[in-house]
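A look at the structure
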Amino acid sequence: MKKKLVKRLFALTTASVMAVSLTACGSSGDQKKEESNNAGDAGDAGDDGNDAENSSGGGSSELKAYADIELGKDYTDVSADLKFLTHKTDAVDNKFAAYVEEFKKMYPNVNIEYEGITDYANDITTRLTTGDWGDICMVPTTVDKDELENFFVNFGSKTDLSGKYEANMLNNYAYGDSVYGIPSMANVQGVIYNKKVFEQAGVTQLPKTPDEFLAALKSIKEKTDVEAPLYTNFAAQWTMSAWDAYIDGGSTGDPDFNHQGLTKGKDPFADRGDGTGPFAVYNVLYEAVKQGLTEEDPTTTDWEGSKGMLNNGKIGCMVLGSWAVTQMQQAGDNASDIGYMAFPISVDGKQYAAAGPDYCYGINVNSSDDNKAAAMCYIKWLVEESDFAQSEGGLSIVTGAEYPEALAALEGVELVVNNAAPEGEETLFNDVNNDSELGLNVSGAIAIEIVEEAIGGTKTMADLSAEWNEKWTAAQESNGVKPQ
């Protein structure tokens, strides 16, 4: 049942090795820890052996449905020692430690040990195959939807959970109507920038098209002394996959583009000629590098150092999800200079921003019943009671939650959340993506190739997009898709 995950692990490792060999540099473990990404469901409670003693009521009974759990009333006497695997290594000894102490006021017999993993995407994929990895983790994108029930507990149906949470935010790790991963928060995909730098360059209106954005970068280069109008963070490698997050709803305004125009569409990477779609997104990076509007030597970028550089006005902007806002604000004395804008693409005069779930919480299907109950309570507390989403610059998935102040500039920009794949096609995008070896949302291979070719290669964007389309078409056909 775990053969597909092992295959994905091999593909992911191969892609990482190829990326390092091509660039003669790699991301360190400390850099990898910041990855947010872009992007479950487990078997029926009965199938998972979820008969447990409900400690709040006594006696043996089936575990209470996640949606029905009342914090501070249910399972208050449960005893459990939980291990929680996380990519947020910087928060283990401070923010998460404080969360555990606060949670224990409500559930005093639940102990939670966080384990921060630096190279999370690779390490967690390996550890999942053992089954003995702990109790809670952030579900990796390497698990296909039809395999979720082999690894994670079923939180319940989308129908039941959408009464409390935004329904579209539950799609990433849902299979059928069952949900195997609860989003820790939602991200908006845009551009983080230094407001003072833009003002010094005479950019008084936020750019809304690729041409306007490139013009703004030129003004920054000519009128200020910044080191890079646009900082790629190329050396970190994982940061390059951020560009993939803009090619669907954000660049098209279409919540079905990911599963229709991309997964099933004919030549989705071709130039549309109107400044929209995947080509337009990637061409911004190509032209910025080609025109010398990025750092002088991409192989020497420094992820940790870039936070302070943006805060101090040595960098104009970076293309990253909203999760990065608070990190940039906290990296110096100029938090008020940090702003966030939509990616500079307009569709028929209107701007859109892709929004979607960040890493999702998953519970080990092999955990004991008491640990499952305690884990559900803690996850519910994190999502509904803690300040995690707001403090990370993200959006809460709880219906009706307010936007954080950092995203105020997105007012008037329509958020687009990808619709769920049609029934029976839940794994189709992943299958095509894997077979194409383009590594969308995983390796950043496309953006890495763009930087390399824009610096010293011979391929134009037309050449590159033609190659991507060729690989994508072959992968579509091998998975029974007739591109339209």
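Since this is a predicted model, take the numbers as computed values, not measurements. (Residues numbered from 1 in each chain as written. Predicted model: local features only at pLDDT ≥ 70, side-chain atom pairs only at ≥ 80, totals over all residues. Heavy atoms only, no water.)

On to the pattern of salt bridges, then. A complete count under the given rule lists 15 salt bridges for this structure. Among the ionic pairs, K105 bridges to E102, the shortest N-O distance being 3.2 Å. We classify E102 as partly exposed; its relative accessible area is 39%. The shortest N-O distance in the salt bridge between K307 and E304 comes to 3.3 Å. In this pair, K307 and E304 both sit in helix 12 (residues 303–311), 3 residues apart, roughly one turn of the helix. (Salt bridge = Lys/Arg side-chain N within 4 Å of Asp/Glu carboxyl O. Buried < 20%, exposed > 50% of the residue type's maximum accessible area, 1.4 Å probe, protein only. Helix = DSSP H or I, 4+ residues; strand = E, 2+ residues; numbered from the N terminus.)

What follows is about the pairing of strand 3 (residues 80–86). Here strand 3 lies mainly inside the structure; 5 of its 7 residues are buried. With 7 bridges connecting them, strand 3 and strand 4 (residues 110–116) associate as parallel partners. Of the residues in strand 4, the one forming a bridge with L85 is E115. With respect to chirality, the unit in which strand 3 leads through helix 3 (residues 95–104) into the neighbouring parallel strand 4 is right-handed. Relative to strand 5 (residues 136–139), strand 3 runs parallel, the two being bridged by 2 bridges. Looking at the pairing, F84 lines up with I136 of strand 5. (Pairing = 2+ DSSP bridges. Right-handed = clockwise from strand over helix to strand, strands pointing away.)

Here we take up unusual backbone geometry. A positive phi angle, close to 70 degrees, is found at Q237, a residue other than glycine. Among the structural elements, Q237 can be located in the loop between strand 11 (228–230) and helix 9 (249–252). Owing to a relative accessible area of 6%, Q237 belongs among the buried residues under this scheme. One non-glycine residue, D267, lies in positive phi territory at about 45 degrees. For D267, the position within the fold is in the loop between helix 10 (258–262) and helix 11 (277–290).

A few words now on the sheet that holds strand 7 (residues 174–175). Spatial ordering of the open sheet is given by 6-8-7, a layout of 3 strands whose pairing is antiparallel. Lying at the two open borders of the sheet, with one neighbouring strand each, are strand 6 (156–157) and strand 7. Sheet topology places strand 6 next to strand 8 (residues 178–179); 2 bridges connect them, and they run antiparallel. If you follow S157 over to strand 8, its bridge partner there is S178.

For the rest of this paragraph, the subject is the packing of aromatic side chains. Counted under the stated rule, the structure contains 27 aromatic pairs. Residues Y114 and Y378 carry aromatic rings whose centres are separated by 6.5 Å and whose planes lie at 70 degrees to one another, so their mutual orientation is edge-to-face. With a gap of 264 residues between them, Y114 in strand 4 and Y378 in helix 14 (residues 369–384) connect regions that are remote in the sequence. Given a relative accessible area of 11%, Y114 falls into the buried group. Look at Y378 and you get buried, because its relative accessible area is 0%. (Phe/Tyr/Trp six-rings, centres within 6.5 Å; stacked < 30°, edge-to-face > 60°.)

For the rest of this paragraph, the subject is the side chain of T427. Within the fold, T427 resides in the loop between strand 17 (414–416) and helix 16 (428–436). Accessibility expressed as a relative area gives 14% for T427, which makes it buried. Non-local contacts of T427, meaning those with residues more than four positions away in its chain, are made with D144, K145 and D146. (Contact = heavy atoms within 4.5 Å.)

Let us look at the sheet that holds strand 16 (residues 360–363). Strand order across the open sheet formed by 5 strands is 4-3-5-16-9, with mixed pairing between neighbours. The outermost strands of the open sheet, each flanked by one partner alone, are strand 4 and strand 9 (182–183). Packed on one face of the sheet, helix 3 meets strand 3 and strand 4 and runs near 170 degrees to strand 4. Its contacts with the sheet put helix 14 on strand 3, strand 4, strand 5, strand 9 and strand 16, and the angle it makes with strand 3 is roughly 55 degrees. (Axes fitted to C-alpha atoms, helices over the stretch in contact; angles between N-to-C directions.)

Let us look at the nonpolar core. F152, I182 and Y378 are the most contacted members of the largest nonpolar core, which has 91 residues in total. Sort the elements by how many residues they give to this core and helix 14 lands first, with 10 residues. (Core = buried A, V, L, I, M, F, W, Y, C linked by side-chain atoms within 4.5 Å.)

So, about the confidence of the model for the protein chain. Any segment with low pLDDT has predicted coordinates that should not be analysed in fine detail. Summing up the model confidence of the protein chain, the mean pLDDT is 87 and the portion of residues at 70 or higher is 87%. In the predicted structure, residues 6–61 sits below a pLDDT of 50 and forms 159 contacts with residues beyond four places in sequence or in another chain. (pLDDT = per-residue confidence, 0-100.)

Moving on to the packing of helix 8 (residues 210–223) against helix 11. In the contact formed by helix 8 and helix 11, the axes pass within 10 Å of each other and the chain directions differ by 25 degrees. Considered as vectors, helix 8 and helix 11 are oriented roughly parallel to each other. Viewed along their axes, helix 8 and helix 11 form a crossing whose handedness is right-handed. Residues P210, F213, L214 and L217 of helix 8 touch helix 11, and the partners they reach there are V284, E287 and A288. Residue composition of the contact of helix 8 with helix 11, grouped by class: 6 nonpolar, no polar and 1 charged. (Parallel < 35°, antiparallel > 145°, perpendicular 65-115°, else oblique. Left-handed = near helix turned anticlockwise from the far one by under 90°. Nonpolar A, V, L, I, M, F, W, Y, C, P; charged D, E, K, R; others polar.)

For helix 18 (residues 461–478), built from 18 residues, the straight-helix expectation of 26 Å at 1.5 Å per residue is met to within 8% by its first-to-last C-alpha distance of 26 Å. Buried within helix 18 are the following residues: M461, L464, S465, W468, N469, W472, T473, A475 and Q476. Buried residues in helix 18, looked at end-on, bunch into an arc of 165 degrees, giving them a common side. Facing away from the buried side of helix 18, by more than 90 degrees, are the exposed residues E470, E477 and S478. (Expected span 1.5 Å × (residues − 1). Arc of directions from axis to C-beta.)

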